[in-house]
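# Coordinates in review
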Amino acid sequence: MAGASLLVYQLFVYSWVIKILGPLISSRIASTLSIFLLATFPFMTYLSGLSFALYSAAMTKSVLGITISTGMCLLQNNAVRQAKRGTANGISASALSFFKAIAPVGAGVLFSWAKKTSGCHLLPR
C-alpha cells in the first residue's frame, strides 16, 4: 500500500507541486517538514492508534524524501551542461552511496563516544 501511494504521489501530485513551487522551494519545504516529522517519531509511541500514526508518518517521510531527492536531481540537471550531465549524475550517485554506507559507522562511533563521555556537560543526558 505504501508503494502504491508513493507511485500515485510521484505520478500525479509531484508534478503539480513542482509547477507551483519549483524544485528549490519544494525541496526546502520538504527538508524542513522532514526534520520536524523525524523529531516527532519518538513521541508517537504514546499515541493510542500507533499503527495508523506510524504508518502515516512513515509514508509522509517517504513522500518528503521523494520530493527532496527528485528536486535536487532536477536542480543538478538544470545547473550542468548537457554534455556533462552523465558525469555530474555519476558523481552525485557515488557520493550518495558513499555517505549512505558510512553514515551508520559514523553514528555508531558518535553513540559510543557519547556513552563513554556521559559526564560531559556538552551532551544532553
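In what follows, the accompanying structure is described. (Residues numbered from 1 in each chain as written. Predicted model: local features only at pLDDT ≥ 70, side-chain atom pairs only at ≥ 80, totals over all residues. Heavy atoms only, no water.)

## With respect to the side chain of Thr67
- Summarising the element assignment, Thr67 is placed in helix H2 (residues 50-79).
- A polar contact is formed between the side chain of Thr67 and the backbone oxygen of Val63, at a distance of 2.9 Å.
- Not counting residues within four places of it along the chain, the set of residues in contact with Thr67 comprises Tyr9, Tyr14, Ser26, Ser27 and Ala30. (Helix = DSSP H or I, 4+ residues; strand = E, 2+ residues; numbered from the N terminus. Polar contact = N/O pair within 3.5 Å; in protein donor to acceptor, adjacent residues only side chain to side chain. Contact = heavy atoms within 4.5 Å.)

## So, the nonpolar core
- Among the nonpolar cores identified, the biggest contains 6 residues, and these are Leu6, Tyr9, Tyr14, Ile18, Val63 and Ile66.
- Looking at this core, the elements with two or more residues in it are helix H1 (2-40) and H2.
- Of the residues forming this core, the biggest block, 4 residues, is contributed by H1.
- When sequence neighbours within four positions are dropped, the list of residues in contact with Leu6 reads Met59, Ser62, Val63 and Ile66.
- Core analysis: the next-biggest nonpolar cluster, separate from the first, contains 5 residues, Ala30, Leu37, Met44 and Ala57 among them. (Core = buried A, V, L, I, M, F, W, Y, C linked by side-chain atoms within 4.5 Å. Buried < 20%, exposed > 50% of the residue type's maximum accessible area, 1.4 Å probe, protein only.)

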